[in-house]
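# Secondary and tertiary structure notes
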Amino acid sequence: MIIRDVRPWGGPRSDVEVIDGKIAAIRPHDESARTAGDVDGRGRLLFPSFSDVHVHLDSSRVGLPFRPHTGAPGVWGMMLNDRNNWRTAEIGLPERVVGTLERMIARGTTRVRTYAQVDVDCKLEKFEAVMAAKDRFAKQADVQVMTFPQAGILREEGTVDYLEASLRGGAEVIGGIDPCQLDRDPVRHLDIVFGLAEKYQVEVDIHLHEPGELAVFSTELVLERTRALGMQGKVTISHGYELGSVSEAVTRRVIDDFAELDVAMTTIAPAGRGQLPLVDLVAAGVRVGLGEDGQRDYWSPYGNCDMLDRTWQLAFTQNYRADHLIEMALAIGTMGGASIMSRDVPRLAGVEDRPGLGVGDRADLLIVDGETPTSAVMDRGTDRTVIHDGVIVADGLALV
Ligand SMILES: [Zn+2]
């Protein structure tokens, strides 16, 4: 396959040859070499495809009518809002998950790490719906399913059994959540999560909404277990909204520890000032990925399956104006997340690095209209072609 006339990361017009799912050559654009079978880039921009590494496919209401937000504040209140309503949605959960994933792929996301809530109420229903969608789109996207105790592990008897069942059923990552605030027993919570991770040889992803000092304390317990179990490179902290709010010295120490233990970080591009500084994380070599979190669900009305929109949100909430920073946001939304899901892709090696479009890299690509990478993020064009593993999977915002 030859992709004719695209501009990789906004660079000069080029022709990209793809063989066996990998980028085999990138040459200056040659109009005279055009053949009927070429993919016509029409001078559009070429980026790696997006990686949404923090999405709750299992709670999505994308495609359904908007409903008034009825959640009570706090994780437990929101969880109950979902628990009380998800079964009576206008269409069944399996269809909702499929529709959401389809829409994500159509808009340029071909790598997904999704949560699948497991608890004594929904049991394995949500997990199975997510696994079925993963199978259905196996040729269009890489989907990693995380079994996730959204309702805590210790509050309701029997949760651990369902977590184990999902791990036997193919979950690739195990989640934990607010070990201090939700279960109020952080050591036990994390010992269970890391114990199951070790038993089933899966990665860990800790969903952390806790405030300043408490978040740092929970993180220290996570780092302690990462070190003790030799899980370097296999642990992610999600959100960590206030991990950077305690003091400059603590922020520096957390970033250095993440870098040393190769702990990754995902952000959903929230507003607020307490986060770890993104530029410092990237500069330290910490893998950072981007995600949409819930999509128009019982937790919030945000999320539209479009990671280009979420990249804009990341640039906006970080107050980025300089092109190199907005391009870094794009690199985080694409290869940053990819490097959390896989060891076999190039990592973002610094603020100015633009990985993912080199000879030998897998052809997971997005072609999109725009003048420069910054303009693509600002304008969020709809003239998109999506390539997964060397094959066109979507064009013009629809699957092919
Ligand atoms: Zn989340």
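Reference entry: report on the structure contained in this document. (Residues numbered from 1 in each chain as written. Predicted model: local features only at pLDDT ≥ 70, side-chain atom pairs only at ≥ 80, totals over all residues. Heavy atoms only, no water.)

### Thoughts on the overall build of the protein chain
Rules: A run of DSSP states H or I qualifies as a helix once it reaches four residues; a run of E qualifies as a strand once it reaches two. Both are numbered from the N-terminal end. For this measure, only C-alpha atoms enter the radius of gyration; the expected value for a globule follows 2.2 Å times N^0.38, where N is the number of residues. The classification of residues rests on relative accessible area computed with a 1.4 Å probe and restricted to protein chains. Under 20% of the type maximum is buried, over 50% is exposed, and intermediate values are partly exposed. Residues are treated as being in contact if the distance between any of their heavy atoms lies within 4.5 Å. Accessible surface area values rest on a Shrake-Rupley calculation with a 1.4 Å probe, where residue burial reflects the displayed protein chains alone. By the counting scheme adopted, Arg and Lys are positive, Glu and Asp are negative, and His together with the chain ends is not counted. For this purpose, a charge sits on NZ of Lys, CZ of Arg, CG of Asp or CD of Glu.
Each helix and strand in the protein chain was counted, giving 11 helices and 16 strands. For the protein chain, the C-alpha radius of gyration of 21 Å lies close to 21 Å, the compact-globule estimate for 400 residues. When burial is assessed residue by residue, the protein chain has 59% of its 400 residues classed as buried. Contacts in the protein chain between residues far apart in sequence, at least 24 positions, make up 75% of those at least 6 positions apart. Working note: accessible area of the protein chain is about 15300 Å², and carbon and sulfur atoms make up 51% of it. Treating the 43 positive side-chain charges of the protein chain as one cloud and the 61 negative ones as another, the clouds have centres 2 Å apart.

### Description of the coordination of the zinc ion
Put simply, the rule reads: Listed donor atoms are N, O and S within 2.8 Å of the metal (Na, K and Ca: 3.2 Å). As water is not included, a site may look incomplete. For a four-donor site, all angles between 85 and 135 degrees give tetrahedral; for four or six donors, opposite pairs above 155 degrees with the remaining angles between 65 and 115 give square planar or octahedral; all remaining cases count as irregular.
Looking at the metal site, the zinc ion is ligated by His-54 (NE2), His-56 (NE2), His-207 (NE2) and Asp-293 (OD), spaced 2.1 to 2.3 Å from it. The coordination sphere of the zinc ion comprises four donor atoms, whose angles at the metal cover 86 to 167°; the geometry is irregular. If you list the donors of the zinc ion from N- to C-terminus, the spacing comes out as H-x1-H-x150-H-x85-D. Remark: Asp-293 occurs in the loop between β12 (288-290) and α9 (307-317) and His-56 occurs in the loop between β5 (50-55) and α1 (75-85); sequence separation between them is 237 residues. What makes Asp-293 buried here is its relative accessible area of 17%.

### Some thoughts on the side chain of Ser-375
We count it as follows: Whenever a nitrogen or oxygen atom comes within 3.5 Å of another N or O atom, the pair is scored as a polar contact, on the condition that within protein one atom can donate a hydrogen and the other can accept it, and that pairs from neighbouring residues in sequence are kept only if both atoms are in side chains.
Assignment of secondary structure puts Ser-375 in helix α11 (residues 373-379). A polar contact is formed between the side chain of Ser-375 and the backbone nitrogen of Glu-371, at a distance of 2.7 Å.

### Topic: the packing of helix α4 (residues 159-168) against helix α5 (residues 186-200)
Put simply, the test is: The axes are straight lines fitted to the C-alpha atoms, using for helices just the contacting stretch, and the angles between their N-to-C directions are given from 0 to 180°. Note on angle classes: values under 35 degrees are labelled roughly parallel, values over 145 roughly antiparallel, values of 65 to 115 roughly perpendicular, and the remainder oblique. For any pair of crossing helices, the crossing counts as left-handed if the nearer helix is rotated counterclockwise from the farther one by less than a right angle, and right-handed if it is rotated clockwise. The classification used treats Ala, Val, Leu, Ile, Met, Phe, Trp, Tyr, Cys and Pro as nonpolar, Asp, Glu, Lys and Arg as charged, and all other residues, Gly among them, as polar.
Where α4 contacts α5, the axes come no closer than 11 Å and their chain directions differ by 25°. By the criterion of interaxial angle, the relationship of α4 to α5 is roughly parallel. At the point where α4 passes α5, the crossing takes the right-handed sense. Contacts between α4 and α5 involve Val-160, Leu-163, Glu-164, Leu-167 and Arg-168 on the former and, on the latter, Ile-192, Leu-196, Lys-199 and Tyr-200. Tallied by class, the residues present in the contact of α4 with α5 amount to six nonpolar, no polar and three charged.

### So, the packing of α5 against helix α6 (residues 212-228)
The interhelical angle for the contact between α5 and α6, taken along N-to-C directions, is 35°, at an axis separation of 11 Å. The element α5 and its partner α6 pack so that their crossing is right-handed. Of α6, the residues touching α5 (which contributes Pro-186, Val-187, Leu-190, Asp-191 and Phe-194) are Phe-217, Ser-218, Leu-221, Val-222, Arg-225 and Thr-226. Tallied by class, residues from the contact of α5 with α6 come to seven nonpolar, two polar and two charged.

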